[in-house]
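# Understanding the architecture of this molecule
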Amino acid sequence: MASRLPLKMVGDMPLIGYFADNWENVKNFQAEEGDLLIDTYPKSGTTWISEIVDLVLHDGETKTSQRGAIYERVPFLEFAIPGMPTGAEQLNEMKPPRFIKSHLPVHLLPESFWEKNCKIIYVARNPKDTLVSYYHFYRMAVVHPDPGTFDEFLHQFIKGTVSYGPWGAHNKDFWKIRHQRDILYLFYEDILEDPKREIRKVMKYIGKDLPEDVVEKIYKRTTFKAMKDNSMANYSTIPSSIMDQNISPFMRKGTCGDWKSHFTVAQNELFDEYYKKEMSDTDLTFRF
Ligand code: PPS
């Protein structure tokens, strides 16, 4: 049973309390050559891209997505909740090359990922939809502090005091180094727009040449509806004492633009100001 602990600081980043308590094991995690990392700011499409990559790695075999829950197939590096194996423990028991999930920003990723030149797939999502998705996730995943009202949460997000810290720096820092390092930088909105095109990008990046019928199969297996109905992808196997899907389902809307049904005109103006300032020193842009 988890409870709503306050966030704790890890360096300059606020983090889920339980995760922060396990930080030494995360910091010292040894990535190995060939490990593949999915990194995202929370609620940007991590589960979606994980399912896609897992299927690509296994030639579209549908058995693949049934061999275990997504959090077992792609262990979450910084995960730690009392009574459950931590992400680092799960990973340490697996033989490399491993497929790893993390939400850590560039400057807090364990050094070994850079030393071993691991491939990294980063997924970015427009911050308005990310914020809405994060708000509902805070409500249902009780390892987070109480989010308060949507307006209160929006202010926390703008201030960068939510778990994993500021959205802007997270996205910009990976964007900045994407050509220096082996990083495939993708956008949630692009996957929505043309999933097969993005699946092919993933294939090219990880060196998989799959025929069109397999691409089609992967696409069908990773639609919002298919993943919502797949108990191995929709987190329904996590006890409701940790994630209460009656409050808000993990597979909630899966669209671009849901923010329009949450933001007031005043909140939108405030957020646009924040966005303009955040984006003033980068050529990274988002679609809303
Ligand atoms: S987490 O907890 O940070 O790992 O969450 P993450 O997986 O990054 O993000 C969850 C949001 O992604 C949506 N999602 C999808 N959208 C479209 N298609 C597919 N297949 C899909 N799978 C997951 C999920 O619904 C969450 O977004 P919202 O806006 O809340 O619906």
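Residues numbered from 1 in each chain as written. Predicted model: local features only at pLDDT ≥ 70, side-chain atom pairs only at ≥ 80, totals over all residues. Heavy atoms only, no water.

- An unreviewed UniProt entry lists the protein under the name Sulfotransferase, with Eleutherodactylus coqui as the source organism.
- Recorded in UniProt under Sequence similarities (unreviewed entry), the annotation for the protein is "Belongs to the sulfotransferase 1 family." (UniProt positions renumbered as here; feature names shortened; annotations may be inferred.)

## So, the sheet that holds strand S4 (residues 99–102)
- The four strands lie next to each other as S4-S3-S5-S6, forming an open sheet whose pairing is parallel. Taken across any chain shown, the strands that pair with only one partner, and hence form the sheet edges, are S4 and strand S6 (183–187). The average angle at which neighbouring strand axes cross in this sheet is 20°, direction not considered.
- As judged from the four bridges shared by strand S3 (residues 36–40) and S4, these two strands associate in the parallel manner. When the sheet's bridge partners are listed, aspartate 39 is paired in S4 with serine 102.
- Across the face of the sheet, helix H3 (residues 46–57) comes into contact with S3, S4, strand S5 (119–124) and S6 while running at roughly 160° to S3.
- Helix H11 (residues 195–205) contacts S3, S5 and S6 of the sheet and is inclined by roughly 175° relative to S6. (Pairing = 2+ DSSP bridges. Helix = DSSP H or I, 4+ residues; strand = E, 2+ residues; numbered from the N terminus. Axes fitted to C-alpha atoms, helices over the stretch in contact; angles between N-to-C directions. Contact = heavy atoms within 4.5 Å.)

## A look at the site of the ligand
- The ligand sits among 22 residues. The nearest are Thr46, Thr47, Ser133, Tyr188 and Lys253.
- Tryptophan 48 is positioned such that a nitrogen or oxygen atom in its side chain is 3.2 Å from a nitrogen atom of the ligand.
- Note that a nitrogen atom of the ligand is positioned 2.7 Å from one of the side-chain N or O atoms of tyrosine 188.
- For the ligand, whose unbound accessible area comes to 650 Å², protein coverage reaches 98%.
- Contributions of two or more residues to the shell around the ligand are made by H3, helix H7 (127–140) and helix H13 (224–229).
- Here the shell around the ligand gets three residues from one element, more than from any other, and that element is H3.
- Of the residues that constitute the shell around the ligand, the class distribution is eight nonpolar, nine polar and five charged. (Near = heavy atom within 4 Å. Polar contact = N/O pair within 3.5 Å; in protein donor to acceptor, adjacent residues only side chain to side chain. Areas by Shrake-Rupley, 256 points an atom, 1.4 Å probe, with all protein chains shown as cover. Nonpolar A, V, L, I, M, F, W, Y, C, P; charged D, E, K, R; others polar.)

## Examining the packing of H11 against helix H12 (residues 212–221)
- Relative orientation of the contacting elements H11 and H12 amounts to 115°, with a least axis distance of 10 Å. Between H11 and H12, the angle falls in the class roughly perpendicular. Between H11 and H12 lies a crossing of right-handed hand. Each of Pro195, Lys196, Ile199, Arg200 and Met203 in H11 lies in contact with H12, whose residues at this interface are Glu212, Val215, Glu216, Ile218 and Tyr219.
- For the contact of H11 with H12, the class distribution of residues is six nonpolar, no polar and four charged. (Parallel < 35°, antiparallel > 145°, perpendicular 65-115°, else oblique. Left-handed = near helix turned anticlockwise from the far one by under 90°.)

## Examining the pattern of salt bridges
- Enumeration according to the criterion identifies 25 salt bridges in this entry.
- Glutamate 24 is the partner of lysine 27 in a salt bridge, and the nearest nitrogen-oxygen pair spans 3.5 Å. In this pair, lysine 27 and glutamate 24 both sit in helix H2 (residues 23–27), three residues apart, roughly one turn of the helix.
- Classification of lysine 27 as partly exposed rests on a relative accessible area of 44%.
- Within the structure, one salt-bridge network assembled from shared partners comprises Asp190, Glu193, Arg197, Glu198, Lys201 and Arg287. (Salt bridge = Lys/Arg side-chain N within 4 Å of Asp/Glu carboxyl O. Buried < 20%, exposed > 50% of the residue type's maximum accessible area, 1.4 Å probe, protein only.)

## Description of helix H8 (residues 150–159)
- If you check which residues of H8 are buried, you get Phe150, Phe153, Leu154 and Phe157. Relative to the axis of H8, the buried residues are bounded by an arc of 105° and lie together on one face.
- Where H8 is buried, its residues contact H7, helix H9 (167–176) and helix H14 (265–278).
- Glycine 160 sits one or two residues past H8 and shows a positive phi near 75°. (Arc of directions from axis to C-beta.)

## Some words on the nonpolar core
- The biggest cluster of nonpolar side chains holds 99 residues, and the ones touching the most others in it are Phe19, Ile49 and Ile121.
- Per element, the largest residue contribution to this core is seven residues, and it comes from H7.
- Beyond its immediate chain neighbours, meaning those up to four positions away, phenylalanine 19 contacts Phe76, Glu78, Phe79, Ala80, Ile81 and Tyr164. (Core = buried A, V, L, I, M, F, W, Y, C linked by side-chain atoms within 4.5 Å.)

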